[in-house]
Amino acid sequence: MKPTAVLILFCWLLLPLSSLQAQFTQILYHTETLDAKDSLVLDFDPTVSMETWASNQVLVETTIRLSKVNTGLLEHLVKSGRYALEVHKGEASLRLAQKPINPLAAPALEQISVKLYIPDSFKPIGEGVWLR
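Residues numbered from 1 in each chain as written. Predicted model: local features only at pLDDT ≥ 70, side-chain atom pairs only at ≥ 80, totals over all residues. Heavy atoms only, no water.

### Some details on the sheet that holds strand β1 (residues 22-33)
The four strands lie next to each other as β1-β4-β7-β3, forming an open sheet whose pairing is mixed. Each edge of the open sheet is held by one strand with a lone partner, namely β1 and β3 (49-53). Sheet twist, expressed as the average angle between the axes of neighbouring strands with direction ignored, equals 20°. Bridge count for β1 against strand β4 (residues 57-69) is eleven bridges, and the pairing is antiparallel. Bridging from a neighbouring strand, F24 pairs with L66 of β4. (Pairing = 2+ DSSP bridges. Helix = DSSP H or I, 4+ residues; strand = E, 2+ residues; numbered from the N terminus. Axes fitted to C-alpha atoms, helices over the stretch in contact; angles between N-to-C directions.)

This is the structure in structure tokens:
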């Protein structure tokens, strides 16, 4: 077999590997200090997990997993603000909300999980409402 034919055959066999797509994970953190705040309103999906902690900050930990996508898409989505939070600050209150996220086009698969860490000086009084 000629060397050129071997090279062409080798490239042809490796061609499917060039379009392989991987899974990417990134964790985003957002904190807000609650020094002078007496109320905290959290507008998140009900599947969000919440935990209290000994701090004066609320921490939002967002884990994003993308699969069946090409390199760079996750970084682009983060930079474009897809996973950003809506923050509304009042004199004595803070409201954090999760922006609605439209599904990605097939075949991309996206999993988003959010965990909230709330200061233990706050107590829940209703759905998404916490008071000090």
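Here the narrative resumes.
### Observations regarding the pattern of salt bridges
Enumeration according to the criterion identifies five salt bridges in this entry. Close ionic contact of K115 with E51 constitutes a salt bridge, the shortest N to O distance being 3.1 Å. With K115 in strand β7 (residues 109-119) and E51 in strand β3, this pair connects stretches of sequence that are 64 residues apart. When its relative accessible area of 24% is taken as the criterion, K115 is described as partly exposed. For E51, a relative accessible area of 36% translates into the label partly exposed. (Salt bridge = Lys/Arg side-chain N within 4 Å of Asp/Glu carboxyl O. Buried < 20%, exposed > 50% of the residue type's maximum accessible area, 1.4 Å probe, protein only.)

### Things to note about the packing of aromatic side chains
For the coordinates displayed, the defined rule picks out one aromatic pair. Here W53 and Y117 contribute two aromatic rings whose centre-to-centre distance is 5.5 Å and whose plane-to-plane angle is 50°, an arrangement assigned as tilted. Placement of the pair is W53 in strand β3 and Y117 in strand β7, with a sequence separation of 64 residues. Taking relative accessible area as the criterion, W53 reaches 27% and is therefore assigned partly exposed. (Phe/Tyr/Trp six-rings, centres within 6.5 Å; stacked < 30°, edge-to-face > 60°.)

### Notes on the sheet that holds strand β2 (residues 39-43)
Spatial ordering of the open sheet is given by β5-β6-β2-β9-β8, a layout of five strands whose pairing is mixed. Because the sheet does not close on itself, it has two edges, and the strands there are β5 (85-89) and β8 (123-126). Ignoring which end each strand starts from, the neighbouring axes of this sheet average 20° apart. Direction of pairing for β2 relative to strand β9 (residues 129-131): antiparallel, over a ladder of three bridges. Note that in β9 the partner of V41 across the bridge is V129.

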